[in-house]
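# What the coordinates show
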Amino acid sequence: FINAFMKILLLGEFSNLHWTLAEGLRKLGHEVCVVSNGDRWRNYQRDISLTRQSDSILDGIQYVLQLLRVLPLLKGYDVVQLINHLKAQKCLYIYQYLRKHNKKVFLGAFGNDFYWTSLCMKTNALRYSEFKIGDKERYTANNHNILQECLYGNTAYTTKEIAQTCNGIIACLWEYYVAYIPYFPDKTTFIPLPIDYSNITSRVRTEPEKVNFFIGIQSARSDIKGTDIMYPVLKEIQKKYPDQCRITEAIDAPYAIYQKLMDDADVQLDQLYSYTPSMNSLLAMAKGVIVLGGGEEENYEIINEKELRPIINVYPSEEDIFQKLEYIVLNKERIPELSAQSIEYVRKHHNYVKVAQQYVDFWEGLPPERGKSFLKGRAKSTARSFLI
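For clarity, every value in this text was computed on a predicted model and none was experimentally measured.

Rules of the game
Residues numbered from 1 in each chain as written. Predicted model: local features only at pLDDT ≥ 70, side-chain atom pairs only at ≥ 80, totals over all residues. Heavy atoms only, no water. Pairing = 2+ DSSP bridges. Helix = DSSP H or I, 4+ residues; strand = E, 2+ residues; numbered from the N terminus. Axes fitted to C-alpha atoms, helices over the stretch in contact; angles between N-to-C directions. Parallel < 35°, antiparallel > 145°, perpendicular 65-115°, else oblique. Contact = heavy atoms within 4.5 Å. Nonpolar A, V, L, I, M, F, W, Y, C, P; charged D, E, K, R; others polar. Core = buried A, V, L, I, M, F, W, Y, C linked by side-chain atoms within 4.5 Å. Buried < 20%, exposed > 50% of the residue type's maximum accessible area, 1.4 Å probe, protein only. 1 Å grid on protein atoms, 1.4 Å probe; cavity = no way out; pocket = protein on both sides within 12 Å on 5 of 7 lines; lining within 4 Å. Points joined across faces, edges and corners; volume = space filled by probe spheres on them. Phe/Tyr/Trp six-rings, centres within 6.5 Å; stacked < 30°, edge-to-face > 60°. Lys NZ or Arg CZ within 6 Å of the ring centre and 35° of its normal.

### Section: the sheet that holds strand β1 (residues 7-11)
Taken together, the seven strands give an open sheet; going across it, the order is β3-β2-β1-β4-β5-β8-β9, and neighbouring strands pair in parallel fashion. The open sheet has two edge strands, β3 (48-49) and β9 (188-190), and neither has a second partner. Alignment of β1 against strand β2 (residues 31-36), held across five bridges, turns out to be parallel. Each residue of the ladder has a partner; that of L9, found in β2, is C33.

### Brief notes about the packing of helix α1 (residues 17-27) against helix α15 (residues 352-365)
Running from N to C, α1 and α15 cross one another at 85 degrees; their axes reach a closest spacing of 8 Å. By the angle between their directions, the pair α1 and α15 is classed as roughly perpendicular. In contact with L17, T20, L21, E23, G24, L25 and K27 of α1, α15 contributes Y352, V353, A356, Y359, V360 and W363. Broken down by class, the residue content of the contact of α1 with α15 amounts to nine nonpolar, two polar and two charged.

### A closer look at the nonpolar core
Membership of the largest hydrophobic core comes to 98 residues, with the highest contact counts inside it found for L10, L25, L98, Y180, Y359 and W363. Excluding anything up to four places from it in sequence, W363 contacts M6, I8, L10, L21, L25, V79, Q81, K104, F106 and I170. One finds I215, V233, Y273 and V314 within the second-largest nonpolar core, a separate group that totals 27 residues.

### Structural notes on the layout of surface pockets
The calculated volume of the second largest pocket comes to roughly 590 Å³. Secondary-structure elements contributing two or more residues to the lining of the second largest pocket are α1, α10 (255-262) and α11 (279-287).

### Let's talk about the packing of aromatic side chains
For the structure on display, the rule yields 15 aromatic pairs. With centroids separated by 6.0 Å and ring planes inclined at 80 degrees, the aromatic side chains of Y300 and Y345 adopt a geometry described as edge-to-face. Linking Y300 in helix α12 (residues 297-302) with Y345 in helix α14 (residues 335-349), this pair joins segments that are 45 residues apart in sequence. Overall, the relative accessible area of 1% leaves Y300 in the buried class. Of the residues examined, Y345 reaches a relative accessible area of 0% and is grouped as buried. Among the aromatic residues, those joined into a ring-pair cluster are F114, Y115, Y180, Y183 and F184. When the ring centre of W19 is taken as reference, the NZ or CZ atom of R26 above it lies at 4.7 Å. Seen from the ring of Y300, R309 lies directly overhead, with NZ or CZ sitting 4.1 Å from the centre.

Remember that the coordinates give geometry; whether it matters functionally is a separate question.
In structure tokens:
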């Protein structure tokens with residue numbers, strides 16, 4: 001079960017994915033270093049911290065100096081994995097440095113980038129996304145900036161270059177897998193998100209007198225996460241049923257505080273536009289909290305789950321959200337069943353050591369030269385026609 005010892009560098013952070021993965025890899029006997037900014041105000045754990053305080057010139061210079069001090073430490077690894085949140089073209093210099101001084105480099109498809117936004121805007125493969133619902137495009141200030149950057153800006157250029165030349169690509173959600181697999185079928189895989197529930201108190205919820213709805217709000221990304229729609233609808237439900245439900249909010253809360261606020265919840269609202277549960281959703285489910293959010297059938301199909309259906313899936317409309325919330329309030333007797341299923345689901349599919357082993361198997365299954373040879377022949381012409 002335990003593969004040969006490896007030195008692994010995980011660069012960047014996304015909802016505590018890399019730190020959780022690192023802990024699983026360490027359990028398997030591998031040496032792991034996580035370098036990140038802690039995902040900004042969330043302040044996730046890391047081994048080496050790289051942070052930029054602001055967009056000022058002075059902070060930019062300080063950040064470059066930090067990076068120059070850290071770069072010599074990023075050599076000699078068997079595996080390096082980057083997260084696809086790479087905005088500046090100068091990131092390519094770091095990427096080339098990593099390729100030169102390490103054996104294999106992989107890309108984590110964990111968020112907005114060229115391939116994901118192209119899937120949303122240039123195809124009808126999805127029924128909805130944060131950018132488009134059906135055939136109707138959905139523009140907000142955040143959406144506009146993301147689309148411009150990911151489709152036409154430095155993020156687009158950087159992501160395309162890395163995706164074409166890296167050794168392999170790991171997608172953490174069904175929808176990200178769908179975005180990459182048409183263009184890189186020989187080196188793209190889906191691996192579920194890792195959850196470390198070893199220090200989590202899992203508790204099957206009893207039927208409550210008052211349903212405690214929990215919602216985490218990121219002020220700067222409310223329109224992307226869907227909380228700008230879910231929260232007002234939730235308040236309507238609370239107004240209609242004041243004696244049967246209450247609301248717990250976590251607004252721009254650090255990870256540790258977010259977890260504590262979630263502990264007493266019965267239901268969490270999260271990721272309106274997602275098809276697959278997020279790290280925060282899975283954390284809630286591991287505790288026994290029911291998730292109302294992304295849980296489409298595609299999510300269950302990709303992990304071959306035939307029986308468990310713990311997530312209350314919602315379509316991104318006020319009417320559907322209201323109906324699903326009202327259903328919970330009026331059918332509180334279902335809460336223990338869905339709570340128990342939630343715990344079982346996470347333990348079955350998202351155990352962080354099991355997921356870490358899947359990463360190791362994928363990393364070892366691709367030869368070191370795959371990234372270089374991939375651009376030769378048929379795949380090169382296919383990639384070029386799409387990426388121009």
